[in-house]
Amino acid sequence: LSTVRVEPVGADAAGVYDFGREIMGYLRLEGLIGSGELRVVYGESYEEAMAEVDAYQTDALQLASPAAFHRFPIAKAFRYVRLTGSPCVQVERVAADSEYLDVPLRAAFSGGDPQLDRIWDTAQYTLFLNMREFLFDGIKRDRWVWCGDVAQSIHINAYSYADADINRRTLRLLVGRPPFTAHINHIMDYTFFWVIGLYDHYLYTGDTAFLREMYPRLQEVLAFCRGRANEDGLLEGRPEDWVFIDWADIDNAGIVSTEQILYVQALFCAADIAEALGDTVQAQAYRSLAGTLRETVFRMFWKDEYGGFIHSWKNGKPDGVVTRYPNLFALLYGWLDGRRRQMAVEQLVGTEVMPIGTPYMRLYELAALCAAGQKPLVLEEMRRYWGGMLDKGATTFWEAYDPDKSAVENYAMYGEPFGKSLCHAWGSGPVYLLGRYFLGVEPTKPGYAEYRVSPAPCGMGHMEGTVPTPQGDIRVEAD
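About the cut-offs
- Residues numbered from 1 in each chain as written.
- Predicted model: local features only at pLDDT ≥ 70, side-chain atom pairs only at ≥ 80, totals over all residues.
- Heavy atoms only, no water.
- Helix = DSSP H or I, 4+ residues; strand = E, 2+ residues; numbered from the N terminus.
- Buried < 20%, exposed > 50% of the residue type's maximum accessible area, 1.4 Å probe, protein only.
- Contact = heavy atoms within 4.5 Å.
- Areas by Shrake-Rupley, 256 points an atom, 1.4 Å probe, with all protein chains shown as cover.
- Expected span 1.5 Å × (residues − 1).
- Pairing = 2+ DSSP bridges.
- Axes fitted to C-alpha atoms, helices over the stretch in contact; angles between N-to-C directions.
- Polar contact = N/O pair within 3.5 Å; in protein donor to acceptor, adjacent residues only side chain to side chain.

So, on to the overall build of the protein chain. When you go through the protein chain residue by residue, the secondary structure sums to 14 helices and 18 strands. Taken over 479 residues, the protein chain has a buried fraction of 59%. Counted over contacts in the protein chain with a minimum sequence separation of 6, partners at least 24 positions apart contribute 71%. When the accessible surface of the protein chain is summed, it comes to about 18700 Å², and 49% of that surface belongs to carbon and sulfur atoms.

Each α-helix turn comprises 3.6 residues. Residues three or four places apart therefore point the same way. Over its 22 residues, helix H8 (residues 280-301) runs 31 Å from end to end, which matches the ideal 32 Å to within 8%, given 1.5 Å per residue. Along H8, the residues that are buried comprise Ala 283, Tyr 286, Ala 290, Leu 293, Thr 296, Val 297, Phe 298, Met 300 and Phe 301.

Turning to helix H12 (residues 375-391), a few remarks are in order. Helix length check: H12 (17 residues) gives 23 Å between terminal C-alpha atoms against 24 Å at 1.5 Å per residue, within 8%. Here H12 lies mainly inside the structure; 12 of its 17 residues are buried. Turning to H12, its buried residues number three or more, namely Lys 375, Val 378, Leu 379, Glu 381, Met 382, Arg 383, Tyr 385, Trp 386, Gly 387, Gly 388, Met 389 and Leu 390. Looking at the buried residues of H12, the elements they touch are helix H2 (114-130), helix H11 (359-371) and helix H14 (429-438). One or two steps after H12, the chain reaches Gly 393, where phi turns positive at roughly 100°.

Moving on, we come to the sheet that holds strand E17 (residues 463-469). Taken together, 3 strands build an open sheet; the order of strands is E9-E17-E18 and the sheet is antiparallel. Of all strands in the sheet, those bounded by a partner on one side alone are strand E9 (108-110) and strand E18 (472-478). Pairwise comparison of adjacent strand axes, ignoring direction, gives a mean angle of 15° for this sheet. Pairing of E9 with E17, which is carried by 3 bridges, proceeds in the antiparallel orientation. Paired with Ser 110 across the bridge in E17 is Glu 464.

Another aspect to go through is the side chain of Arg 82. Examined against the element boundaries, Arg 82 turns out to sit in strand E7 (residues 76-85). A polar contact is formed between the side chain of Arg 82 and the backbone oxygen of Ala 51, at a distance of 3.4 Å. Setting aside residues no more than four positions away along its own chain, Arg 82 makes contact with Ala 14, Gly 15, Val 16, Arg 39, Val 40, Val 41, Ala 49, Met 50, Ala 51 and Glu 52.

Following Pro 178, the chain continues to Pro 179 via a peptide bond in cis, the omega torsion being -5°. In this fold, Pro 179 is placed in the loop between helix H4 (164-175) and helix H5 (188-205). For Ile 245, which is not a glycine, the phi torsion comes out positive at approximately 65°. Considering the arrangement of structural elements, one finds Ile 245 in the loop between helix H6 (208-226) and strand E10 (255-256). The phi torsion at Tyr 414 lies on the positive side, around 60°, for a residue other than glycine. Inspection of the secondary structure assignment puts Tyr 414 in the loop between helix H13 (407-410) and H14. The class for Tyr 414 is partly exposed, based on a relative accessible area of 40%.

All we've got here are geometric facts, nothing functional implied.
Written out as structure tokens, the structure reads:
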């Protein structure tokens, strides 16, 4: 990883230094005079830097004699830094070596709207900070490779940096070494997202060599899933599994419809991968199983009286609970037409069903609405949701967001006042939404051997941007 020196843009009387925006880097203290202990409190927010005990990241330096400089050995994620401790220690300058993966930004976007342009800029910068050894989830807290985050990052990377190497490194890491004995990250839906993400990498890059490398592992993953299926071929979480879907107050016990839809989509992706590698027998087997299971999903979970897919079956009975998740994925994957399609759209634009609270599932929800012809609504939702984070002082996008809460209330998560990641890869969704659905660029054959451009300015006036591909950059201007 590379580093570049950055300096604060300001400081206040409380000893808080503001670097202007979030960075990931090594703090440097220069011109140290005196002796005693100096404590460093890092904050993604000003409030976190001011916290005495609740800040997520701290450092300490025991100074015995004057020193030209000290660089702390572990990189931290922060915008603000507060120095406290012995009054006998003085620091002449504070700086940081900001650490980053040296990949060029190949994409661009401008919609003639300062807020929308700022949303795009902030989204791509959020992903950039999380592009390191692998596609990480967040730089403050986990710094870990969670497959749900990765599946989205592959899309967002394709419409910003187009760095195929980091996709390959990350997908290899996630699937691990044989044998495959547990769901990826121990989360059932993340196993399906690994398969879908592998196909998406191929769609954007045309990287057949990597498909061939991963193909034995793909077969092993799906054999593991089939080995855990019930008599209907569907999958239910076991005690050692985490059925996640999203951070939401929903009961994911039983046979959950969203999990089955993702499983079926993974099988369709696996069929396309097998076909690309010339394994027509296995391709047909995957496609046939996917078709059969899709019919089962409709039979068990689609209920006209509820206006769409119900959430789950428990103890042999449908639960009658409606959530957005199965309906948005069925819409996004093209399962619905006619009356059913309209019913699903009404679920997503309505207010009766519990709203989604994370940028993670907001991306899929808004992508599904774009696919259903609701792009003007999506544009306004981007301004309201991601623009709302900017209005609350965000310089990178967050792990979760509630527009009805204050900034300080939004910083809390996991029972900790500053537990939330304020730089989370799955917050970068606007890069994908604006490139794919508004600039309107999409590959129709792997590696952009063929592609479609269908711009949708939606009242933006003059819109322009660049989408990177393995064949070169596609530049779009539309009025």
